[in-house]
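Now for the letters of each chain:
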Amino acid sequence: MNDLIIKQGKLINDQIVDILVRDSKIVAIGSDAAKGQQATKTIDLKGELYISAGWIDAHTHCYPESPIYFDEPDLAGASCGVTTLVDAGSVGADDIDHFFAITRKVKTNVYSLLNIAKTGIIAQNELADMQQIDEASLQKAIDDHPDFVVGIKARMSKSVVGENGITPLVKAKAMQKKSGLPLMVHIGNNPPNLDDIADLLTKGDIITHCFNGKPNRILDDNGNLKPSIQRALARGVILDVGHGGESFSFKVAEQAMRIGTYPDIISSDIYHKNRINGPVYSLAFVMTKFLCMGFSIQQIIDCVTKKAADLLHLQGKGYLDIGMDADFTIFDLKEERTQLSDAEGEVRYGSHKFVPVVAIVGGKEIISTESESEYAIDL
Ligand SMILES: [Zn+2]
């Protein structure tokens with residue numbers, strides 16, 4: 001007996017499929033996969049709503065007890081159609097056990113990029129004191145939570161590192177070498193200089209806030225990629241959007257895409273304040289900005305599913321394939337003129353928007369978004 005059958009879901013290529021779920025995994029997918037099958041629960045999308053692998057937001061802040069960047073995982077996640085959140089450094093070694101315990105009780109899947117500062121972000125300047133980087137406690141946190149800590153995070157901007165310049169990143173790279181985990185680096189204001197940061201990064205490292213409009217932007221004054229960024233990308237360094245309240249510029253993103261530089265991962269940098277007051281609101285809203293800039297639906301969905309899963313090594317996530325975790329996002333692409341603001345006050349208008357309708361986590365948790373009532377799905 002199957003646990004769940006999703007009938008008549010529409011893929012991005014407009015193919016209509018049924019999906020069968022057993023023991024939290026996808027066991028069949030195809031145009032008539034549900035034929036003659038029974039399940040404890042059936043959801044019929046009637047060929048009208050899209051279904052993709054569950055969306056992954058690879059840069060969020062969802063530690064509810066953070067004094068600055070706090071949010072509830074299910075409000076930033078499943079209620080926004082996002083089945084997996086990756087918290088980007090809200091928590092360091094000091095609080096990782098507590099964060100892990102909290103996330104076991106929520107519906108949304110949560111992973112952590114462990115802050116190299118042991119306190120995480122309890123103040124804005126967590127790397128201004130090098131004593132904050134304690135190798136032994138970081139290693140213990142990684143060893144204690146092998147399926148939860150999927151990488152490490154270093155915020156490399158002036159307000160965070162104080163007088164320490166590039167030194168915290170040198171230390172982070174040395175520690176990363178031992179763990180083999182991906183390293184996400186935040187860029188923004190200088191010092192440290194972007195060239196010094198980029199030159200230290202190696203294949204698989206992630207630059208977040210890649211389209212920020214601050215001094216450490218990836219473009220030079222002529223709108224070309226800075227040479228250090230060109231070299232980093234050639235080595236296999238990854239670009240992540242990490243929109244946030246201050247870190248996304250339409251002008252930078254549009255020019256980057258004009259010269260052929262696209263994000264690998266689209267993430268929101270969501271937390272309670274920018275979720276409620278904007279300019280983030282949700283991962284879907286950030287995805288809509290890329291739709292408005294001419295990125296294709298398939299490219300956008302890839303950035304929040306398989307690419308995010310591959311680049312952060314999230315096992316079982318990101319693909320609508322047999323054997324993968326039964327995480328799904330059901331959504332619509334609604335024709336509606338939508339005002340979109342970046343973090344610099346620039347405004348664009350989109351003709352269509354992503355509307356998440358339902359998130360399904362592990363084939364069991366079925367979570368409606370606030371738009372669900374507009375759609376006549378029998379849940
Ligand atoms: Zn962040």
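Residues numbered from 1 in each chain as written. Predicted model: local features only at pLDDT ≥ 70, side-chain atom pairs only at ≥ 80, totals over all residues. Heavy atoms only, no water.

- Looking at an unreviewed UniProt entry, the protein chain carries the name Deacetylase, with the source organism given as Arsenophonus nasoniae.

**Some words on the UniProt feature "binding site: Zn(2+) 1" (unreviewed entry) in the protein chain**
Here is step 1 of the chain: UniProt tags His59, His61, Lys153 and Asp269 as "binding site: Zn(2+) 1" (unreviewed entry). What stands out for the annotated residues spanning 211 residues is how close their C-alpha atoms remain, the widest pair being 13.1 Å apart.
Here is step 2 of the chain: Looking at where His61 falls in the secondary structure, it is placed in the loop between β6 (55–60) and α1 (73–76).
Here is step 3 of the chain: Apart from residues no more than four positions distant in its own chain, His61 is found in contact with Tyr69, Phe70, Asp71, Asp87, Ala88, Ser90, Ile121, Asp269, Ile270 and Tyr271.
Here is step 4 of the chain: Within the local environment of His61, its side chain forms a polar contact with the side chain of Ser90, the two groups lying 2.7 Å apart.
Here is step 5 of the chain: Topologically, Lys153 is positioned in strand β9 (residues 149–155).
Here is step 6 of the chain: Excluding residues that lie within four positions of it along the chain, Lys153 makes contacts with His59, Ala88, Gly89, Leu113, Leu114, Asn115, Ile116, Leu183, Met184, His186 and Thr208. (UniProt positions renumbered as here; feature names shortened; annotations may be inferred. Helix = DSSP H or I, 4+ residues; strand = E, 2+ residues; numbered from the N terminus. Contact = heavy atoms within 4.5 Å. Polar contact = N/O pair within 3.5 Å; in protein donor to acceptor, adjacent residues only side chain to side chain.)

**Some words on the coordination of the zinc ion**
Here is step 1 of the chain: On the protein side, the zinc ion has His59 (NE2), His61 (NE2) and Asp269 (OD) as donor atoms, found 2.1 to 2.3 Å from it.
Here is step 2 of the chain: Spacing between the donor residues of the zinc ion along the chain follows H-x1-H-x207-D. Residue His59 is located in strand β6, and its partner Asp269 is located in the loop between α8 (250–258) and α9 (272–276); the two are separated by 210 residues in the primary sequence.
Here is step 3 of the chain: A relative accessible area of 1% means that His59 is categorised as buried. (Donors = N, O, S within 2.8 Å, 3.2 Å for Na, K, Ca; no water. Buried < 20%, exposed > 50% of the residue type's maximum accessible area, 1.4 Å probe, protein only.)

**Brief notes about the nonpolar core**
Here is step 1 of the chain: Ranked by internal contacts, the top residues of the largest apolar core, which has 78 residues, are Trp55, Phe211, Ile266, Met287, Phe290 and Phe354.
Here is step 2 of the chain: Among the domains, domain 1 (2–52 + 322–334 + 353–374) and domain 2 (55–312) are the pair contributing at least three residues each to this core.
Here is step 3 of the chain: Setting aside residues up to four positions removed in sequence, Phe211 forms contacts with Ile218, Val241, Ser247, Phe248, Ser249, Val252, Ala253, Ala256, Thr261, Tyr262, Pro263 and Phe290.
Here is step 4 of the chain: Core analysis: the second largest hydrophobic core is formed by 23 residues, Ile43, Leu49, Ile360 and Tyr375 among them. (Core = buried A, V, L, I, M, F, W, Y, C linked by side-chain atoms within 4.5 Å. Domains from an automatic or database assignment.)

**A closer look at helix α7 (residues 227–234)**
Here is step 1 of the chain: Looking only at α7, the buried set comprises Ser228, Ile229 and Ala232. Taken end-on, α7 shows its buried residues confined to a sector of 95°, consistent with a single buried face.
Here is step 2 of the chain: Turning to α7, the residues buried within the fold contact α6 (194–200) and β11 (206–208).
Here is step 3 of the chain: Positive backbone phi, at 100°, marks Gly236, one or two positions downstream of α7. (Arc of directions from axis to C-beta.)

**Considering empty space enclosed by the protein**
Here is step 1 of the chain: Summed over the entire model, instances satisfying the criterion amount to one cavity of 30 Å³ or more.
Here is step 2 of the chain: Its volume calculated, the largest cavity comes out at about 40 Å³.
Here is step 3 of the chain: Taken together, Ala53, Gly54, Ile56, Thr83, Thr84, Gly316, Lys317, Gly318, Tyr319, Asp325 and Asp327 make up the full set of residues lining the largest cavity.
Here is step 4 of the chain: For the lining of the largest cavity, the class distribution of residues is three nonpolar, five polar and three charged. (1 Å grid on protein atoms, 1.4 Å probe; cavity = no way out; pocket = protein on both sides within 12 Å on 5 of 7 lines; lining within 4 Å. Points joined across faces, edges and corners; volume = space filled by probe spheres on them. Nonpolar A, V, L, I, M, F, W, Y, C, P; charged D, E, K, R; others polar.)

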